[in-house]
Amino acid sequence: MIKKWFTPNKEIPKKIYNSVGFITFLVVLGIWSLLSYSGFVNALFLPTPTTVLATAVKLFVSGDILFDIGISFSRVFTGFLVAALIGIPLGILMGSLRIMEGAFEPIIGFIRYMPASAFIPLLILWIGLGEAEKMSVIFLGTFFQLTLMVMDVTKNVQNDLIDVSYTLGAKNAQIFTKVILPASLPGIVDTLRITFGWAWTYLVVAEIVGASSGLGHMIMQASRFLQPDKIIVGILIIGLLGLITDIMFKSIYRASFSWMRKDGY
Amino acid sequence: MVSQKLDILTESSDLKKQGNAIPKITTPKLEIKDVGKIFKTKSGETVALEKTSFTVEDGEFVTILGPSGCGKSTILRIVAGLEESTSGQVLLDGQEINGPGPDRGMVFQSYTLFPWLNVKDNITFGLKLKGVPQKERDDLARYYLQLIGLTGFEKHYPIQLSGGMKQRVAIARALANDPKILIMDEPFGALDAQTRTIMQEVLLKAWEESKKTILFITHDVDESIFLADSVYVMTARPGRLKKKIPITLERPREYSMKSTVEFGNYKEELLSLIREESLKSIH
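This is a predicted model, so every value here is computed, not measured.

Draft legend 1. Quick look at the overall build of chain B. A tally of regular secondary structure across chain B gives nine helices and ten strands. Within chain B, the fraction of its 283 residues that count as buried is 41%. Expressed as a percentage of contacts within chain B between residues at least 6 apart in sequence, the contacts between residues at least 24 apart total 73%.

Structural data, given as structure tokens:
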């Protein structure tokens, strides 16, 4: 029985699969509890789970954190939306037209290795400390990767599928709208899901420097005033928000692409 | 409903016959004139297809038989307009072809149904592009589903179909577009032997009913004889047409004909021709 669970690529019962994931969570929580409740680690560095929970409740009841969540979410969402609105069409064109690939692939491939956070001083110089600067960091962090990933997805559309469409009378514009776009749509939604996750990680970078609101700013402030419980609450909330958007994208994927599953559901 | 559709279809093909009656005297349906293809590679030029000429008559079922890598797919892709030849020209109804178009329907060896469209929407893809109204599209879809024996599967998605069913739908999709010629590039090559023989019969039935001109590539000798009015044998690379063999087996063809003496004679002749070529390509 046990041996079966450790055979490579072998399926295991769903119940076991879910249980082990839950157990891992419990183990992490257990280690945390052990270290904090026992006093082994100073509460100034690692607060107990109950303290963190109490702080979270307090922050939500007072409503302060809701404001921070709102402003952070709008920054991530707007920055990412602009990146997607430009990156998706550009990526599709680069994936299907050699001339567009030739024109943009080298420069995007170059810029994507420049760390988005290193652009912050320059962005502050150019556009100040306002919302536009925060959104620009998110944009820079996601746009280039997103575009290249969409290009790859589009490139992978089966050539025969495009050829057969020509023999069915499709014109170049229709090849884009009726073949390449629907064929690469699942890959594009998946790319959005992955890059949106990255957008959350850039949020903290954007809000740690020169911000006066948002979750990243809250975390920075808590560090200054030695409030580790508040830091942990902030980190957990960002994690949860990321998880929620991930689940959202996954359910969009499931609902939109039932044609990819044999059972049709 | 279906019978009504059938009336419309026969009516339209009657019209076509009348239309064709005037120039019918000489022009073949498809004329390949000195078509050749040379690839440029680093080490110089490779001749994929030597200058080749042949004709296909209206309503004729022609198979091209050849060893792998002999450039038979290249011919088809040039006729379909998906590849450019380096010499010669292709005439369809006397008109030189220029790029791909809906007058030449194609069925590939790989499965090329649009996975995001159900069977019915796959079949009517080309009709929709042409702007055929919904009602007529529905009727045509129903007719072609019945023709290929897949009535009741209109709402299925390609992922839910077997390989043979996918190729049936691909044939229906190409026919529904009413092309002047149907080009088939080893369409049953990926199917198992049992499914293959059934598909051959399905295709012959569809051909007899639709009266389409078909150009069909295969490396399967039995298949090339069973389907064809004429078999063209190709040489090993660089490809060239070696011989045309008219097949005079009765129509409609039955599966049982494959075991007749007549069939056996054709097979022997083709096998020896093909063997020479296969041996050449090994040496």
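Draft legend 2. Here's a closer look at the pairing of strand β10 (residues 241-246) of chain B. All names here are of chain B. Alignment of strand β9 (residues 230-234) against β10, held across five bridges, turns out to be antiparallel. Residue pairing in the sheet places valine 233 in a bridge with lysine 243 of β10. In this structure, the hairpin formed by β9 and β10 is closed by a connection of six residues.

Draft legend 3. Structural view of the sheet that holds strand β7 (residues 181-185) of chain B. Residue and element names in this part refer to chain B. With respect to topology, six strands assemble into an open sheet ordered β6-β7-β8-β3-β9-β10, the strand pairing being mixed. One side of each edge strand has no neighbouring strand; the edge strands of this open sheet are β6 (104-107) and β10. Pairwise comparison of adjacent strand axes, ignoring direction, gives a mean angle of 20 degrees for this sheet. Note: β6 against β7, four bridges, orientation parallel. From the neighbouring strand, arginine 104 faces β7, where its bridge partner is isoleucine 181.

Draft legend 4. Examining the packing of helix α9 (residues 172-208) of chain A against helix α10 (residues 215-224) of chain A more closely. Residue and element names in this part refer to chain A. In contact at an axis separation of 7 Å, α9 and α10 are set at 60 degrees when each is read in the N-to-C sense. Taken as axis vectors, α9 and α10 run oblique relative to one another. Where α9 crosses over α10, the handedness of that crossing is right-handed. Residues Leu203, Val204, Ala206, Glu207 and Ile208 of α9 lie in contact with α10, whose contacting residues are Leu215, Gly216, His217, Ile219 and Met220. Residues of the contact of α9 with α10, tallied by class, amount to seven nonpolar, two polar and one charged.

Draft legend 5. Representation of the interface of chain A and chain B within the structure. Listed per partner, the contact involves 15 residues of chain A and 22 residues of chain B. Of all the secondary structure elements, the ones that give two or more residues to the side of chain A that touches chain B are α8 (159-167) and α9 of chain A. Among the elements that take part in the side of chain A that touches chain B, α8 of chain A stands out by supplying six residues, more than any other. Grouping the amino acids of the side of chain A that touches chain B by side-chain chemistry returns eight nonpolar, four polar and three charged.

Draft legend 6. Representation of the environment of leucine 65 of chain B within the structure. As for its placement among the helices and strands, leucine 65 of chain B is situated in strand β3 (residues 61-65). With near-sequence residues (within four places) excluded, leucine 65 of chain B lies in contact with Thr218, His219, Val221, Ser224, Val231, Tyr232, Val233, Met234, Leu270 and Ile274 of chain B.

Draft legend 7. Examining the sheet that holds strand β4 (residues 87-92) of chain B more closely. Residue and element names in this part refer to chain B. Taken together, the four strands give an open sheet; going across it, the order is β2-β1-β4-β5, and neighbouring strands pair in antiparallel fashion. Whereas interior strands pair on both sides, the edge strands pair on one side only; in this sheet they are β2 (44-56) and β5 (95-96). Here two bridges tie β4 to β5, and the two strands are oriented antiparallel to one another. Among the inter-strand pairings, leucine 91 is bridged to a residue of β5, identified as glutamate 96.

Draft legend 8. Structural detail: the packing of helix α5 (residues 134-147) of chain B against helix α6 (residues 163-176) of chain B. All names here are of chain B. Two numbers describe how α5 lies on α6: the axes approach to 10 Å, and their chain directions differ by 135 degrees. If you check the angle between α5 and α6, you find them oblique. The interaxial crossing formed by α5 with α6 has right-handed handedness. Across the interface between the two elements, Leu140, Tyr144, Leu145 and Leu147 of α5 pack against Ala172, Leu175 and Ala176 of α6. Split into classes, the residues belonging to the contact of α5 with α6 amount to seven nonpolar, no polar and no charged.

Definitions and cut-offs
Residues numbered from 1 in each chain as written. Chains lettered and ligands numbered in written order. Predicted model: local features only at pLDDT ≥ 70, side-chain atom pairs only at ≥ 80, totals over all residues. Helix = DSSP H or I, 4+ residues; strand = E, 2+ residues; numbered from the N terminus. Buried ≥ 20, exposed ≤ 12 C-beta atoms within 10 Å, placed from the backbone. Contact = placed C-beta atoms within 7 Å. Pairing = 2+ DSSP bridges. Axes fitted to C-alpha atoms, helices over the stretch in contact; angles between N-to-C directions. Parallel < 35°, antiparallel > 145°, perpendicular 65-115°, else oblique. Left-handed = near helix turned anticlockwise from the far one by under 90°. Nonpolar A, V, L, I, M, F, W, Y, C, P; charged D, E, K, R; others polar.

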